[in-house]
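Geometric and topological summary
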Amino acid sequence: MKKLVVFTALFMAAFGAYAQDCEAIMLPFFKGNMEKLNNHRNIAPDKFEWRCTYATAAFIESDTIPTGLAVYNISEVRSLATGETLPENFVVDLNTLSYYAYNFAVFQGRNHSVEERVCFRTPGSAHPYLVLRSTYEMSVIADEVLKKWAK
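Please read these numbers as outputs of a predicted model, since none were measured by experiment.

Another point: the environment of Arg117. Position of Arg117 among the secondary structure elements: in the loop between helix 5 (104-109) and strand 3 (118-121). Judged by relative accessible area, which is 26%, Arg117 ranks as partly exposed. With 48 residues separating them in the primary sequence, Arg117 and Leu69 have C-alpha atoms 6.3 Å apart. A polar atom in the side chain of Arg117 sits 2.5 Å from the side chain of Glu137.

Attention shifts here to the state of the cysteines. Overall, the coordinates contain 1 disulfide when judged by the stated rule. Bridging Cys22 to Cys52, the disulfide has an S-S length of 1.8 Å. The chirality of the disulfide connecting Cys22 with Cys52 is left-handed, given an S-S dihedral of about -95°. With Cys22 in helix 2 (residues 22-26) and Cys52 in helix 4 (residues 45-56), this pair connects stretches of sequence that are 30 residues apart. Residue Cys52 is classed as buried on the basis of its relative accessible area of 1%.

Let us now look at the layout of surface pockets. In this structure, the second largest pocket spans a volume of roughly 170 Å³. Counted by class, the lining of the second largest pocket contains 6 nonpolar, 1 polar and 1 charged residues.

Applying the stated criterion across every chain, the model contains 12 aromatic pairs. Relative to Tyr54, the ring of Trp50 lies with its centre 5.0 Å away and its plane at 20°, an arrangement referred to as stacked. You can see Trp50 and its partner Tyr54 sitting in helix 4, 4 residues apart, about one turn around the helix. A centroid spacing of 6.0 Å and a plane angle of 35° characterise the contact between Tyr72 and Phe120, whose relative ring orientation is tilted. Of this pair, Tyr72 sits in strand 2 (residues 70-73) while Phe120 sits in strand 3, placing them 48 residues apart in sequence.

Parameters and conventions
- Residues numbered from 1 in each chain as written.
- Predicted model: local features only at pLDDT ≥ 70, side-chain atom pairs only at ≥ 80, totals over all residues.
- Heavy atoms only, no water.
- Helix = DSSP H or I, 4+ residues; strand = E, 2+ residues; numbered from the N terminus.
- Buried < 20%, exposed > 50% of the residue type's maximum accessible area, 1.4 Å probe, protein only.
- Polar contact = N/O pair within 3.5 Å; in protein donor to acceptor, adjacent residues only side chain to side chain.
- Disulfide = S-S within 2.5 Å.
- 1 Å grid on protein atoms, 1.4 Å probe; cavity = no way out; pocket = protein on both sides within 12 Å on 5 of 7 lines; lining within 4 Å.
- Points joined across faces, edges and corners; volume = space filled by probe spheres on them.
- Nonpolar A, V, L, I, M, F, W, Y, C, P; charged D, E, K, R; others polar.
- Phe/Tyr/Trp six-rings, centres within 6.5 Å; stacked < 30°, edge-to-face > 60°.

Here is the structure:
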C-alpha cells in the first residue's frame, strides 16, 4: 500500500511539474534576477529542473488536516524578499506558489524529524489547508521524477 501511495505521489508530481510555472517558482531563488535564472537554466539545465521539481513537490492542497501534523495559519508565513506576512485570506495557486519566496523552510525546521509534513490553514483558498511536504520527501520526489524524465 505504501508503495502505491509513493508511486501515486510521484506520478502526480511528474505531471504537475509540467503545468507549473518554473520561472515564477524559481525566480525568488535567484532573488528576482531573471538574467541569473536564465544563465543557470542554460548552464545547468538538469540542476535547474531538479530545483524546480523539488519546489513544485513542496505543496499539496487538502480539505482535511492530515493526522498528527503541526498546523499554522498561512498569515504566519513571511516573504523572504520583504519580510511581510501573507494575508489571512491568501489564495493558494500551486502553479506559481514558490517554496523559495517564503520562509517555509523555517516551519520544516521546527519539526524534530526530516520526514514530517507541516500544514497551513488557508481559508481564502479552494481547499482550507496547504500541506508542506518534508524536505526529505521533496528530494525523493524530485530525484524520482527526473529519473523518469531522463529515460
